[in-house]
Every structure is written in C-alpha cells, then in structure tokens.
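Spelled out, the chains give:
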Amino acid sequence: LYFSEPDATWYLGTLKLTELKKKYKKHAVGEKIAWDIANTPMGGECEGYLPCHLSRDINSYSNYLKDYPQGKYSQSALKIIDKALKGTANDKTLTPLLNDDMNKGVSKELYQMLNNLKKELKNVKSSLKEKILFNMELIAKKAGLIENSK
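If you're wondering where the values come from, they're calculated on a predicted model, not measured in any experiment.

Draft legend 1. How the structure looks around the packing of aromatic side chains. Using the criterion set out here, one finds 6 aromatic pairs in the structure. On the numbers, 5.0 Å between centres and 5 degrees between planes, the contact of Trp-35 with Tyr-73 is stacked. A residue pair is termed long-range when its members are at least 10 positions apart, and Trp-35 in helix H2 (residues 28–38) and Tyr-73 in the loop between helix H3 (50–67) and helix H4 (74–89) qualify at 38 residues. Taking relative accessible area as the criterion, Trp-35 reaches 11% and is therefore assigned buried. Among the residues examined, Tyr-73 registers a relative accessible area of 16% and is labelled buried. On the numbers, 6.2 Å between centres and 65 degrees between planes, the contact of Tyr-64 with Tyr-73 is edge-to-face. Here Tyr-64 and Tyr-73 have matching classes, each one buried.

The rules behind these values
- Residues numbered from 1 in each chain as written.
- Predicted model: local features only at pLDDT ≥ 70, side-chain atom pairs only at ≥ 80, totals over all residues.
- Heavy atoms only, no water.
- Phe/Tyr/Trp six-rings, centres within 6.5 Å; stacked < 30°, edge-to-face > 60°.
- Helix = DSSP H or I, 4+ residues; strand = E, 2+ residues; numbered from the N terminus.
- Buried < 20%, exposed > 50% of the residue type's maximum accessible area, 1.4 Å probe, protein only.

Right under this line is the structure:
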C-alpha cells in the first residue's frame, strides 16, 4: 500500500502479487493474479512525458502477454495496448515533440519501450498483433526512430 500525492490516493503495490504470480505461474490462479497486476492502477503523474504515459498504458499488459501469450485475457490485453498505441500513432504533435534536440532522451526511451513490447508479443497469435506492430512502426517513424521509406 502506498500514497500518491499528486492524486491524493492510496494504491495497492504489486510486489507481493508479483511474488504470488511467480509461485503459481503454472496454475490458473497465477494467470488471474497476472491479470489483476495488469489492471492495478499506478499512482503518480507523467506530466506530459510520452514514454511515461505509454508505459502506464502498455507495460503491465505486455508483461501479462509475455507470461500468457494465449491466455484467457490475452485479447483484452491486446485491445488495451492497441488503443494506447493507436492514439499515440494518430497524435499530430508526436513528430515535433520528439525530433528536436531537447527530446533525444525521450526518443531513446520510446525506442527501448517499443523494442521490449515487440519481444513480449513474439509468442502472441492474434490478428490484433499485426495492428499493434503496424502502429508501433508508425510511432517509430513519426518519432524519427526509424527511416521512412518512400
């Protein structure tokens, strides 16, 4: 349990749940714990920092998919990730935000996050996976992380 000052709210930490998830990974309850972890809200604020916002939207769900790529909640996790990435890919302010000299760290962090997500989706079999990979590539292109081929 911890207190988040920006939103004046108490949150349940996931450290103990993560230990239980590892202990019961091969049992149905382990998957349920993993899904509960994915849906546990986080305190704090991102103050407009894109990698922070995206990580809040996708990291816990991609962690679930890494452990349970064909799990009971995999389609729900993919839909949440797809929605977050689609919103970012369609953000018209993305290019100017990431291509200036002040935001080189943002670009590096975003690149690492997208690469990690790609690895965690490796064993997922779903038509949504292709949409997610497409939006990841679009974000990377708009952010100047990879070249646009014309």
